[in-house]
Every structure is written in structure tokens, then in C-alpha cells.
2 protein chains.
Amino acid sequence: MGELQASFAAELERFRELTRQIKQYEEILATIYWDMRTGAPRKGIELRSEAYGTLSAETFRLSTSPEMGDLLERLTQPDVLAALGAVDRKQAEEFHKDYERNRKLPPELYREYVVLTSQAESAWEEAKANNDYPGFAPYLEKIIEYNRKFIELWGIKGSPYDTLLDMYEPGMTTSELDRLFGELRKRLVPLADAIAARGDKPDTAFLQGTFDVVSQKSFSKFILQQMGFDFDAGRLDESVHPFATGLSPGDVRITTRYLPHDLTSALFGSIHEGGHALYEQNIAPELAGTPLCTGTSMGIHESQSRLWENMVGRSLGFWKRYFPDLQKQFPGQLDGVTAEQFYRGINVVEPSLIRIEADELTYNLHIMIRYEIEKMIFNDGLTAAELPAVWNAKYKEALGIEPGSDAEGVLQDVHWSGGSFGYFPSYSLGNMYAAQIMNKAKALRPDLEERIADGELAPLKEWLTEGVYRHGKMKNPSEIIEDITGEPLKSSYLCDYLERKYREIYRLGE
Amino acid sequence: MGELQASFAAELERFRELTRQIKQYEEILATIYWDMRTGAPRKGIELRSEAYGTLSAETFRLSTSPEMGDLLERLTQPDVLAALGAVDRKQAEEFHKDYERNRKLPPELYREYVVLTSQAESAWEEAKANNDYPGFAPYLEKIIEYNRKFIELWGIKGSPYDTLLDMYEPGMTTSELDRLFGELRKRLVPLADAIAARGDKPDTAFLQGTFDVVSQKSFSKFILQQMGFDFDAGRLDESVHPFATGLSPGDVRITTRYLPHDLTSALFGSIHEGGHALYEQNIAPELAGTPLCTGTSMGIHESQSRLWENMVGRSLGFWKRYFPDLQKQFPGQLDGVTAEQFYRGINVVEPSLIRIEADELTYNLHIMIRYEIEKMIFNDGLTAAELPAVWNAKYKEALGIEPGSDAEGVLQDVHWSGGSFGYFPSYSLGNMYAAQIMNKAKALRPDLEERIADGELAPLKEWLTEGVYRHGKMKNPSEIIEDITGEPLKSSYLCDYLERKYREIYRLGE
């Protein structure tokens, strides 16, 4: 050991110990969260939320403690940083950034907020079930107020909303998003218009009916196994709002919801969360137990769920391989339908009210609406009470339809009840990342779709592991996309992909 | 506020805050434990165990910290103690006792032990499944060594084993147990012998067969609802070894295991754990969130599981009411059987190898064997390697039969893998408490069995809530039994009950 190394050895050891403890507490908190969403008895939620709040606050305290500050000050000195191994260095840098951000929040304020959002999510579930926005609005207003306070404490960069965006996609700004979304709008709205003008929509009659929920579960599980989801390192459960949570690479849990009258909702929900899960299950073992053992950003995470859900799961090659299995799972219900017809049926483009059920094309319009509303809340002072009217007006304007109730309008998403403002743009960023990555995959392997049609999903998973999954948080989003594709993020790949796909399905220009 | 009150107000507030945090961490730990036992993916167990160990150690640290010591020193001064409210006073006394005990253990030693037992339980599950005692023995030997160290650090009272007993049944000693078990043996062994001599055992042919597991689940759930188990404040799941855990009165979780060829195992397992659950669900709301919100001792806890399982669930009145429902649940499988025949069939007395499947009478012999082995381990230096031979010899001696494999011998119980030495006697203590309490219930309400035959279980539950459940840890075991029955614990009520029951079933003396 050199002289320099010896001088910080004790600090490094203590830093590793402390970050490990923080990661362990985060793992426990995520397990408790999963439990509250999947099956914890109703009457225990209030006390559990308080316990969750206390441990969250303690985790927060550990990462903002004077001890952590001292350790970080020492370890981020340029000569020390240069002498650290790659994992320790990245950890020190990441913690330093979080430390600078988090120490600005009073711990008690943070604890109150965690308890509030934990209770708000249950209140949201109830409000959604009863179409009772007024029952949820007081929670939402409080959550917004807390976030406004946080933004002030953190310090505004660009606009207040930029401060929130940076949490989910480091470096992302309102102006950058305005540009990217502007480009998307310019090409995707005409495409949607051309499809609407075309008139003849693919047959979807065979998707109507009642599909046994037990069979739906079996088929979701089968497809997840085909994707390479490891059931010894994860599980599939049910919740009102589907989610994925990586507790550790050895325990990644996803949820879905089964609708008896909808064959595709649970199926594509499972594939979507399965994409998140493949990411978390395949992070390099040497990162396990460290805070770097997680996805590098929400945008990159969503790129993987959406790549698997849409670019694989809604592709013709995929259904050439798996449609016969689906027919077997629902005997008599899909007779006389071909894989090609099924493919066209699950890719119908149609303005709709529910984001998670939207097609790949109009999905981005749902995201733009949420993005604009979030900007209005934090940059222009929009209140919780005003939300339903703004929501409905924007749906009318962008999609030409209006929700019949708040349950299928402003109450449809869980995100705001958990305080996740700034998260929604990640979905469209994910679509853009995914298209750019998939474009590269096809350039490297022109017969990729034929290989998928033969059921060969493993090579794709392995290539994504190599380029994305195994790195965890060791690479930034921009490093991930540039190292794989040789370019920064561009909107054109998504537009190209959607135009090619839908021109073929809708026979545009024929 | 008086002058004295004012002088300790700050300490009291901090004490309440700290004990609340400890209770919250315990609630989280119990949820994680439940998760690891009911469905956590195999590959995540190792990291989860470590996280569990870290939070356990922190909880332990909080309850043994110098701050806690200072608070307790102040609050347990006689004049202060006398000025506290009942709940605060009891909490201060209980914590003081635990503090004196726990501060003798080095925190690092304790953390190692928690991680060890957490991993050992998974190792035990595997060893039991593969009949691989040598695979489990190294864990067991280490757990024994830690406990020997703990006993030394805590200080030996009477014998080393007494030190462990006191943890589960405060005040209980080897000499007291030797006396109680001696009395039981004196009356129960002749009873078992008389039954064996009688020869003609009740018909059990109708218990053979394959009983649909889904129907078993439905029926278990139905019976739990009848008992008053609140499914909005609890859940029923599956695990290798059934258990109950009260996370809070609003979230009490029980597990059972369903065997397709055994109708009664899951059913009586569910009623047993349901008895534990009724206790935890009905603790007074004002104790919720405090460390007093739990059963007062393992013996009293077991008295409630065994009262419901045996004295209610294996009574003739109970089956007069519910046997027709059972018949409906398994159409065609129990035709031509009467409630009385079923009652006699589920009360067959027969020496058997598996404790949790034993009849009410020989069950106590299973407990005595474990009690004797535990005494040998801690008072006479018996090693893990020697356990299987001793186990088998004792079964041969006491029950006349020998396990064909370790899986149905020394590996059958989860307790030792979790380090719960000194727990087993609680089961027979529970039987004795239960018989004494039930004797009083029948004295107060001579038509109790007829009321149960009418499906009226609520009055019994309410009476037990009044006498036992609502008090949580506010009363000691001896206060509970004396306040209800006017007497200290006696072995004679259990002997009277068993003699009466089995003389009738086996028509002894006729």
C-alpha cells in the first residue's frame, strides 16, 4: 500500500461500511414498499407507513450525517479520488452529489414527507376505486407543497421543474425536453393523423371476450421465462398499479394486474416490468450490496422495459414464435386467427384515455400532457384543485377525447401520489433510447427479427447485459447510449421506427 | 404538571420516542422475516439476511445505548416510577429488565448471531427437504456455541438452561418444570397406556384420501372467519413451518402448509396459528406502536393457540356445528360419516414421530423429549453431532418408536435453527394454562359447549379478549392466570381435561 493509500484507508473502510448499511436499509424499505402494495392488510397500513417513514428518515440521516460529510470531503480530494478503484470512486462521486443535494433538506421535513407519500398512495388507491378526486386532492396538494419547498431548498437551476427532472434523468432540462418533444410531435402527429385518415383499422374482434385469469397468469409467467427472467431471483405478483422493484440482483419483484376482459393488459404489463427486471437481475455481481447496484437513470430503465414490451413483445417475429402457445393457453378462443392478424390487432393506433393501455405511437402524447401539467404546477403555480379541468382540456386538445370520470383521467397514475414529479418524461426518453439501441442491435445483427421468430431471445438479453445491465450505475445515461451507439440521444430513431412499423401495418402510401 | 413530573418530562418524551422507534424497527424486521419464510426468491436470501442482521443490530443498539441507560436510570427511580402512568411505568420496567440483560452482549457478537440464525433457517429448510442432518449440523453447533456464550455473559441463575427458559417464560425454572412435567407424566403415561391396552381405535379410514388443496385453503379461511380472525387485519399464507407473527394489531400474519393426503394438518395448523392471531389482533389499541403490544409470554401465547386448536377445534360441539360445512367442501369424500365419528377420528391417540401432528395427549411427551435434550445441551455439554442418536433413543424410550430418517426426527422443528432454545416447554405450559382457563370458562358458562355447537364462538373470543388479549404485556403470565382463575398455574386441570376427554372417546372403564 502506498503512502497516499495508507492515509485514507480507514476513511475508505468506514465509507464502504456506511454505504453498505444505507443500501441494506434501502433494500429493506423496498421490500416493505412491495409488501404494502401487494397484500398488506388494510388495517396495518397506517402504522406500517409510520415505521417506513422512520427507517427512511434514518437512511436519509445516514447519508447526510456530518460523518458522511467528513468522509466524502476526504475521499473526493482530487489525489485521493484518482487513487481509488473504479467502484469506490464512482460511489464517492455519486454520494457526494446526493450529499450536497440532501443535506439541504431538514431531516424532520423529509420524514414527514415520506410518511405523507406512503399514506397518500393508499388514499390514491381508494380515491381511484371510488372515483373520488376530492378525497385525494388534499394529499396531492400537500405533496406539491413539499416539493415546492424542496426545490427552493435545493436551489433552482433553469426553472423550478428542472430541479425535479434532474433527479430522474441527470442533466436533463426543460429546454432539452421541449426540443426533443417538439421533434417527436412534428413527426408523430402527422403519422397519427395519416393513420386516422386511413380509416380501416386492423381487426381486433378476437381480443374481445373473457380470458381466464389463471391462464393469463400462466402465460405471463411463460413469456417471462422465455425472456430469461429468473424466477429463483424474482417473483411476479399483483398490484393495482404494476411496478418492478430490484431489492438485489437475487430478488427482483414485478407486479401486474389481470383484467378478465382484456387479454393484453397483463401480458404486456408483465413484459414491460420484465424488461425492468432483466436490467436489475443482471447487474454485475461485484456491485451487489453497493448503492451502485441499480439502474443508471429512469430513462435508461424505461428504455429496457419499453424495448422488451414494444420492440420485442409487439413485433411480428415475436408472435410468429409465441402465438401458437397463446392459442393453446386459451383453447377455442383464438381459433382461425393468424400470428400476423394478432400482430396487427395488438398494434392498433387509437386515441385513448388510459396511458398504460395506449399504443406505442399515441403513448408519447399521454406523456407530453403530463410533462406540460408538471411544468405548470412547478413553474406556473397550478394547484391540485385545478388539475382535473386542465387534464381534461389537454386530453381534448391533444387526443380529441375527454375522460368520463377522474378515475380514468387525472387519478389514473400512481406517480404523483408517491411524489414522483419529473418522472413521466422518462417514459418517452425511454422510447427514444430504446429505438436508438434497437437500431444498433439490428445493424449488428440484420437477422435479429428472424432469430426472435425462432425463439432466440437469449442473445439479445446477453448483448443488452453487456451494453446496459451489468454496468448498474457505473456509467451515466449518456455514457451508456454513446458507448453502445456511438451517438448521443436523438429523437429520429424513434420516429423512423414508428413510421416504418405503422406505414407497414396501416399500408400507408399504398 | 407537578414539580416532579416537570423534572422528568423531557426524559419521558425521549424514552417514548426511542421505544416507539424500536417497536417500529421490530415491526419491519418481522415483516422481512415473514417475507423470507413465505416467498422471497432463493437467490436473494443471503443479502437479505445480512440486511436483516444490520437492522437487528441497530435495534439492539438502540435498546442498549448509553442514552437508553441514562433514561432508564432516571425513569426507574422509585419516586419517578410511582409518578408515571401505567403504560409508561410498565414500559420502563420491561425495558430496564431487557437493558440489564442485553447490555451484557457485545453488539457485534449479537449481529453475527442474527445473521447466522437467519441463514441457518434456510439451511435447515434445505437439510430437512434433503434429509441431510450433516449439512445442518455445523450451523446448529455454532448456534449452540453462541448461546453458551450468551448464557455466560448474562450470568447463570440456577442452571445454564434456566437462563434461556426465563426469556420465554419469565420466572420459569428447570426445577419448576421438572415438577410440572413430573406431575403430567405421572397421570398422562398411565392414561396413554390404558388407551393402548384398550386396543380398538376409532375409525379414521375417512381421513385417508386426496383432499383438494384449494378446498383445504377455502375451509381454513372459513374456519378462521368463524373464529373471528379479521382478514382486514391479517392474512393467511403458506410456509414450510407454520407460524404467526403480529406486526401490529392491524396486521397479523399466519401461515400453514397444505398436504394433499392429509385433511387435518393444515386445518388444525390454521386454527392453532389463528389462536395466536386472535391474541395479537385484540391487544388494546392504546398499546399499539409500543413494545407492550405483544403477548406477555410464550406460554400464555401457546395457551391461546392450543385452546383454540384443541379445546375448541377438537371438541365435539365444534364439529356438530361445522362438520356439515366440511362435508360440503369435499363433496362425496365424507359421505356417511357423522360429526361424532369425525370427532373421534381426529382425536385418535397414537405414538407418532412428528410433534405438530401428534394428538393432544402424546404431544406433551414430544415436548418432554425436547426439554430433556435442551437441558443436556446446556447443562451437560451435549454436542450437535450427538443429537440424532440421543433424539432417536429418547423417542424409542418414551414413545416406543424410532424415526426412519433425521427429516422426521431431529430435523423436524424449525426452532433450533432460529436459536429458540428454551421455547419448547412453552407448548406444554400453554396446554396447562389453556386447560385452567377453559375450566374457568366452563364454570362461568356451563352450556359453553352447546353454545359452540350453535356456532357461537364470539362470546368466548370476547371473554378471552377481556381476560388475556387486550392486556398485551401489561400483565405478567402469573397475573393473567391468577386474575382469570384465582389460582397460580397447576398441572391438574390439563390432566383432568385429558382424562375426561379420552375416557369418553375410548370408553375406558366401561
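Just so we're clear, the structure is a prediction, and the values are computed from it rather than from any experiment.

Reading guide: rules and limits
Residues numbered from 1 in each chain as written. Chains lettered and ligands numbered in written order. Predicted model: local features only at pLDDT ≥ 70, side-chain atom pairs only at ≥ 80, totals over all residues. Heavy atoms only, no water. Least-squares fit on C-alpha atoms with pLDDT ≥ 70 in both. Contact = heavy atoms within 4.5 Å. Phe/Tyr/Trp six-rings, centres within 6.5 Å; stacked < 30°, edge-to-face > 60°. Buried < 20%, exposed > 50% of the residue type's maximum accessible area, 1.4 Å probe, protein only. Lys NZ or Arg CZ within 6 Å of the ring centre and 35° of its normal. UniProt positions renumbered as here; feature names shortened; annotations may be inferred. Helix = DSSP H or I, 4+ residues; strand = E, 2+ residues; numbered from the N terminus. Polar contact = N/O pair within 3.5 Å; in protein donor to acceptor, adjacent residues only side chain to side chain. Pairing = 2+ DSSP bridges. Axes fitted to C-alpha atoms, helices over the stretch in contact; angles between N-to-C directions. Domains from an automatic or database assignment. Buried area = accessible area lost by both parts, 1.4 Å probe. Salt bridge = Lys/Arg side-chain N within 4 Å of Asp/Glu carboxyl O. Expected span 1.5 Å × (residues − 1). Bend = angle between axes of the 7 residues up to and from the residue. Parallel < 35°, antiparallel > 145°, perpendicular 65-115°, else oblique. Left-handed = near helix turned anticlockwise from the far one by under 90°. Nonpolar A, V, L, I, M, F, W, Y, C, P; charged D, E, K, R; others polar.

Please give an account of the relation of the copies chain A and chain B that cites residues and values.
Screw-axis analysis of chain A against chain B gives a translation of 0.0 Å along the axis, an RMSD of 0.0 Å, and a rotation angle of 180 degrees. Taken together, the rotation and translation relating the two chain copies correspond to the operation of a two-fold axis. Interface overlap between copies: 100% of the residues of chain A at the interface are likewise at the interface in chain B, consistent with a symmetric, same-surface contact.

Can you explain the packing of aromatic side chains? Please cite residues and give values.
All names here are of chain A. For the coordinates displayed, the defined rule picks out 58 aromatic pairs over all chains. The interplanar angle of 40 degrees and the centroid separation of 6.1 Å between the aromatic rings of F424 and Y427 together place this pair among those described as tilted. Here F424 and Y427 have matching classes, each one buried. Ring pairing ties together the aromatic residues Y168, Y363, F378, W391, Y395, W416, F421, Y423, F424 and Y427, which thus form one cluster. Across from the ring centre of Y363, 3.8 Å away, lies the NZ or CZ of R306, which sits over that ring.

Quick rundown of the UniProt feature "active site" (unreviewed entry) in chain A? Include the residues and the values.
Residues and elements named next belong to chain A. The UniProt feature table records "active site" (unreviewed entry) at E273. The residue E273 is located in helix α11 (residues 263–281) in this model. Setting aside residues up to four positions removed in sequence, E273 forms contacts with P242, F243, A244, I254 and T255. At 3.2 Å, the side chain of E273 and the backbone nitrogen of A244 are in polar contact.

Report on the pairing of strand β2 (residues 244–248) of chain A, specifying residues and quantitative values.
Each regular strand shows side chains that alternate between the opposite faces of the sheet. All names here are of chain A. As judged from the four bridges shared by β2 and strand β3 (residues 251–256), these two strands associate in the antiparallel manner. Its bridge partner being in β3, A244 is matched across the sheet by I254. Turn length for the β2-β3 hairpin, with the two strands adjacent in sequence and antiparallel, is two residues.

Please set out the sheet that holds strand β2 (residues 244–248) of chain B residue by residue, giving values where relevant.
Residues and elements named next belong to chain B. The mixed open sheet is built from three strands, whose spatial order is β1-β3-β2. Of all the strands in the sheet, just β1 (234–238) and β2 have a single pairing partner and so form its edges. Mean inter-strand twist for the sheet, computed between neighbouring axes without regard to direction, equals 20 degrees. Across the sheet, helix α1 (residues 3–38) touches β1, β2 and β3 (251–256), and the angle it forms with β2 is around 145 degrees.

Can you tell me about the sheet that holds strand β1 (residues 234–238) of chain A, naming the residues and giving the values?
Residues and elements named next belong to chain A. Pairing within the open sheet is mixed, and its three strands lie in the order β1-β3-β2. Of all the strands in the sheet, the pair left with one neighbour each is β1 and β2. The sheet shows a mean angle of 20 degrees between the axes of neighbouring strands, taken without regard to direction. The sheet contact formed by β1 and β3 spans five bridges and is parallel. Bridge pairing in β3 links G234 to V252.

Which residues make up the UniProt feature "binding site: Zn(2+)" (unreviewed entry) in chain A, and what values do they have?
Residues and elements named next belong to chain A. What UniProt calls "binding site: Zn(2+)" (unreviewed entry) maps, in this numbering, to H272, H276 and E302. The largest pairwise C-alpha distance within this set of annotated residues, which runs over 31 residues, is 8.6 Å, so the set is compact in three dimensions. Along the chain, H276 turns up in helix α11. Overall, the relative accessible area of 7% leaves H276 in the buried class. Every residue in contact with H276, bar those within four places of it in the chain, is listed here: A244, H301, E302 and S305. Take E302: it is sitting in helix α12 (residues 298–312). Classification of E302 by relative accessible area gives buried; the value is 2%. A distance of 3.1 Å separates polar atoms of two side chains, one belonging to E302 and the other to H276.

How would you explain the domain arrangement of chain A if you had to name every residue and give the values?
Residue and element names in this part refer to chain A. Taken domain by domain, chain A comprises domain 1 (3–154) and domain 2 (174–505). The gap between the C-alpha centroids of domain 1 and domain 2 is 27 Å. If you look at the interface, domain 1 gives 36 residues, while domain 2 gives 44 residues. For the domain 1 and domain 2 pair, buried surface summed over both sides reaches about 3,400 Å², with 66% attributable to carbon and sulfur atoms. There are 11 residue pairs in polar contact (both at pLDDT 80 or more) connecting domain 1 and domain 2. For the side of domain 1 that touches domain 2, the elements supplying multiple residues, two or more each, are α1 (3–38), α5 (86–102), α6 (107–129) and α7 (133–154).

Provide a residue-level description of the pattern of salt bridges, including the pertinent values.
For the structure shown, the criterion picks out 88 salt bridges over all chains. A salt bridge links E350 of chain A to K201 of chain A, with the nearest nitrogen and oxygen atoms 3.5 Å apart. Linking E350 of chain A in the loop between α14 (339–345) and α15 (363–380) with K201 of chain A in the loop between α9 (174–198) and α10 (213–227), this pair joins segments that are 149 residues apart in sequence. Look at E350 of chain A and you get partly exposed, because its relative accessible area is 37%. Here D200 of chain B makes a salt bridge to R198 of chain B, at a shortest N to O gap of 3.5 Å. By relative accessible area, D200 of chain B is classed as partly exposed at 47%. Overlapping salt bridges bring together E27, D251 and R253 of chain A together with D35 and R48 of chain B as one network.

So, the interface of chain A and chain B: which residues are in play, and what are the values?
Taken together, the contacts link 36 residues of chain A with 36 residues of chain B. Interface of chain A and chain B: buried area, both sides summed, is about 3,000 Å²; carbon and sulfur atoms make up 54% of it. The three residues of chain A that bury the most area against chain B are P41, L47 and R48 of chain A, which together make up 18% of that side's buried surface. At the boundary of chain A and chain B, one finds 12 salt bridges. A salt bridge links R42 of chain A to D232 of chain B; the nearest nitrogen and oxygen atoms lie 3.0 Å apart. Those elements that provide at least two residues to the side of chain A that touches chain B are α1, α2 (45–64), β1, β2 and β3 of chain A. Broken down by element, the side of chain A that touches chain B gets its largest block of residues, 10 residues, from α1 of chain A.

Residue-level account of unusual backbone geometry, with values.
Phi is positive for R507 of chain A, which is not a glycine, with a value near 50 degrees. Unusually for a residue other than glycine, N131 of chain B sits at a positive phi of about 50 degrees. Checked against the element boundaries, N131 of chain B lands in the loop between α6 (107–129) and α7 (133–154).

Outline helix α9 (residues 174–198) of chain B, supporting the account with residue identities and numerical values.
All names here are of chain B. A rise of 1.5 Å per residue sets the reference length of α9, with its 25 residues, at 36 Å; its end C-alpha atoms lie 35 Å apart and thus fit the reference within 8%. Its maximal kink placed at R185, α9 deviates by approximately 30 degrees. If you check which residues of α9 are buried, you get T174, L177, L180, F181, L184, L188, L191, A192 and I195. Looking at the buried residues of α9, the elements they touch are α8 (160–168), α15 (363–380), α17 (425–444) and α21 (492–505).

Quick one: what's the story with the packing of helix α10 (residues 213–227) of chain B against helix α13 (residues 316–329) of chain B, residue by residue and with numbers?
All names here are of chain B. At their nearest, the axes of α10 and α13 sit 11 Å apart, and the two run at 150 degrees to each other. Considering the angle they form, α10 stands roughly antiparallel to α13. In the packing of α10 onto α13, the handedness of the crossing is right-handed. Touching S215, S218, F219, F222, I223 and Q226 of α10 are F318, W319, R321, Y322, D325, L326 and Q329, all from α13. Residues that form the contact of α10 with α13 fall into these classes: seven nonpolar, four polar and two charged.

Before we move on, can you summarise α10 of chain B with the specific residues and values?
Residues and elements named next belong to chain B. For α10, built from 15 residues, the straight-helix expectation of 21 Å at 1.5 Å per residue is met to within 8% by its first-to-last C-alpha distance of 21 Å. Buried within α10 are the following residues: S215, Q216, F219, S220, I223, L224 and M227. Along its buried surface, α10 packs onto β1, β3, α11 (263–281), α12 (298–312), α13 and α19 (458–467). Just past α10, the residue G228 takes up positive phi, approximately 100 degrees.

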